[in-house]
Amino acid sequence: MLIYAYAAIDAAIAVHFLRASRVCWFPTPLFGLHASLVGYHLYTAYIGPSPFLVQAFLNRAFEAELFYVSACAAYRICVRYEARTRPIKAHR
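In this text the structure is predicted, and so the values were computed from the model without any measurement.

## As for the environment of phenylalanine 62
Relative to the elements of secondary structure, phenylalanine 62 occurs in helix α3 (residues 51–85). Separated by 10 residues in sequence, phenylalanine 62 and cysteine 72 place their C-alpha atoms 15 Å apart.

Structure below.
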């Protein structure tokens, strides 16, 4: 029954990222990841692969999500830094 709770949590997170992706494109891959995790949780509930494979896959999915979020943060920091250091052009 705990697997269904994980699927419900990932579904709620996927809906949140779907709504957030309407404003900007950064949350779109996170929506795809969590939407696929809903299917994966249901797969593990009905088929039931070995616990090691489930843990290994979920660990890699979490690491991919952390890498994406940190890369997006680094990108936004670079963009803001460039906006501050860019010289202001005079309008003619």
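## What about the nonpolar core?
What tends to happen in soluble globular proteins is that the nonpolar side chains get buried as a cluster. Counting residues in hydrophobic clusters, the biggest one holds 5 residues: Phe17, Phe26, Leu30, Tyr68 and Cys72. When residues no more than four places from it in sequence are discounted, the contact partners of tyrosine 68 are Trp25, Phe26, Pro29 and Leu30.

## A closer look at the packing of aromatic side chains
According to the stated counting rule, one finds 5 aromatic pairs in the structure shown. Note on phenylalanine 26 and tyrosine 75: the rings are 5.9 Å apart at their centroids and 55° apart in plane angle, and the pair reads as tilted. With phenylalanine 26 in the loop between α1 (2–20) and α2 (28–46) and tyrosine 75 in helix α3, this residue pair connects regions lying 49 residues apart in the sequence. Residue classification places tyrosine 75 among the partly exposed positions, given a relative accessible area of 46%.

Definitions and limits used
Residues numbered from 1 in each chain as written. Predicted model: local features only at pLDDT ≥ 70, side-chain atom pairs only at ≥ 80, totals over all residues. Heavy atoms only, no water. Helix = DSSP H or I, 4+ residues; strand = E, 2+ residues; numbered from the N terminus. Core = buried A, V, L, I, M, F, W, Y, C linked by side-chain atoms within 4.5 Å. Buried < 20%, exposed > 50% of the residue type's maximum accessible area, 1.4 Å probe, protein only. Contact = heavy atoms within 4.5 Å. Phe/Tyr/Trp six-rings, centres within 6.5 Å; stacked < 30°, edge-to-face > 60°.

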